[in-house]
Amino acid sequence: MCMSAALLGACSGNGGRKAAEAEGKMSGDTLLMLVGSYAEADAEGIKVYEWNQETGEGVYCSGLKGIRNPSFLTVAPDGQHVYSVGENEEKTSTANALLLDPVTKQLSFLGESATDGAAPCNITLSPGRDYVVTANYNGASITVFPVDEDGTLGEGNVIRFEGKGSDAERQEQPHLHCVYFSPDGKFLLANDLGTDCIHVFPIDASGEGLLNAAEAFDVQLAPGSGPRHAVFDGSGKHLYVINELKGDVVVMDYDGASLRQVQSIQADTVGAKGSADIHLSPDGKFLYASNRLQADGVAVFAVKAEDGTLTKVGYQLTGAHPRNFALTPNGKFVLVACRDTDEIEIYERNAETGLLSDTGRRIQTPKPVVIALIERK
């Protein structure tokens, strides 16, 4: 049975729950999966599924309307507070606070706050859970929002950037694409596709958890790189950055104070200028990077344990426009959000080789962009 057929049922209600338990689909391996998309406000832009990471099967639970283009979201460690962008024009772009009920599997809307920067495409929560940050792609800025005790967002503080890159068409201004914290909590990093650099903000040592803009510095990448997403490894000593325009993965050493590039290796070998997302396997032995626009797919790299450098070991073709993807916590499956084919593709992962195989299962959903998996508490 294909995944789309399996997802016709609802996961709420005692009868449905008992049936699912009888089929082995409600267990410690059952995750909650949130899918954000490009959608109008009157459509279910965010959907909630139950997903079994052992069997690779799941069911649709609910959807949330009311946010236009919730194209990226992040989940707090409690598994209940969710923060989503509303990726729109500057006057209508928002950061949104949501609450996920783990029993009913439904999202409720807590409130929104204006980003004052167009096209927020990424959002992150600080380690202390006291503020949220958005990367505003067309706003040449990031916005910092305080988080109130009830999880709602206060008024945002905008930090703007200037400059341009060597690609006159794609780098005519700063394009902030990803915001994330160093594992030790010392820095906020902001990848700027438009100026080929990573803006690094020290976290105020006073304990207030605020950004120290006065001591911020930039890590410059090669001209025309276009840094997009990034991931630190489990040791916190290595940072991997996927460059959208150059199509390479840059490996950097992190010593707690600075970043130093040690390797560049191609993920996109056809010059499509559409590299997108990047993730490590849960065991840290393999790294995956998605590419769009031509030869759409996911590049597979083996990670050298001694120094974190990469060796390319394979490439898995996918559906059109694999924007973001997610690995299950047990490392068994990779779920790929193929925006332009309106589906999430399910791949099984070989833990020894890192290579992917298509299960043929699909979750049909309009314009999926981001996938967030939540382990049951």
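See the structure printed just above.
Cut-off values and rules
Residues numbered from 1 in each chain as written. Predicted model: local features only at pLDDT ≥ 70, side-chain atom pairs only at ≥ 80, totals over all residues. Heavy atoms only, no water. Helix = DSSP H or I, 4+ residues; strand = E, 2+ residues; numbered from the N terminus. Rg over C-alpha atoms; globule rule 2.2 N^0.38 Å. Buried < 20%, exposed > 50% of the residue type's maximum accessible area, 1.4 Å probe, protein only. Phe/Tyr/Trp six-rings, centres within 6.5 Å; stacked < 30°, edge-to-face > 60°. Pairing = 2+ DSSP bridges. Axes fitted to C-alpha atoms, helices over the stretch in contact; angles between N-to-C directions. 1 Å grid on protein atoms, 1.4 Å probe; cavity = no way out; pocket = protein on both sides within 12 Å on 5 of 7 lines; lining within 4 Å. Points joined across faces, edges and corners; volume = space filled by probe spheres on them. Nonpolar A, V, L, I, M, F, W, Y, C, P; charged D, E, K, R; others polar.

## Quick notes on the overall build of the chain
Okay, so step 1: Along its length, the chain carries two helices and 28 strands.
Okay, so step 2: Taken over the C-alpha trace, the chain has a radius of gyration of 20 Å; the compact-globule value for 377 residues is 21 Å, and the two agree within 12%.
Okay, so step 3: Along the longest, intermediate and shortest principal axes, the C-alpha atoms of the chain span 60 × 45 × 35 Å.
Okay, so step 4: Counting over 377 residues, the chain shows a buried share of 58%.

## Points about the packing of aromatic side chains
Okay, so step 1: By the definition in use, this model includes eight aromatic pairs.
Okay, so step 2: Taking 6.0 Å as the distance between ring centres and 85 degrees as the angle between the ring planes, the aromatic pair formed by Phe 187 and Phe 217 counts as edge-to-face. One end of the pair, Phe 187, is in strand β13 (residues 187-192); the other, Phe 217, is in strand β15 (residues 217-220), and 30 residues separate them in sequence.
Okay, so step 3: With a relative accessible area of 9%, Phe 187 lands in the buried category.
Okay, so step 4: One aromatic cluster in this structure is built from Tyr 180, Phe 187, Phe 217, Phe 232 and Tyr 254.

## Brief notes about the sheet that holds strand β11 (residues 157-160)
Okay, so step 1: Pairing is antiparallel in the open sheet, where four strands are placed in the order β8-β9-β10-β11. Every other strand in the sheet has two partners, leaving β8 (120-125) and β11 as the edge strands with one partner each. Each strand of the sheet is rotated relative to its neighbour by a mean of 20 degrees, with strand direction disregarded.

## Things to note about the pairing of strand β27 (residues 356-364)
Okay, so step 1: With six bridges joining them, strand β26 (residues 343-349) and β27 adopt antiparallel strand pairing. The residue bridging Glu 345 from the neighbouring strand is Arg 362, located in β27.
Okay, so step 2: Hairpin connection of β26 to β27: six residues between the antiparallel strands, including Gly 354 at a positive phi of 80 degrees.

## Details of empty space enclosed by the protein
One simple way to see leftover space: roll a probe sized like a water molecule over the atoms.
Okay, so step 1: Applying the stated criterion to the full structure yields one cavity of 30 Å³ or more.
Okay, so step 2: Quantified by volume, the largest cavity comes out at close to 50 Å³.
Okay, so step 3: Around the largest cavity, the lining residues are Ser 182, Phe 187, Leu 189, Val 200, Phe 217, Val 219, Phe 232, Tyr 254, Ala 257, Ser 258 and Leu 259.
Okay, so step 4: Of the residues belonging to the lining of the largest cavity, the class tally is nine nonpolar, two polar and no charged.

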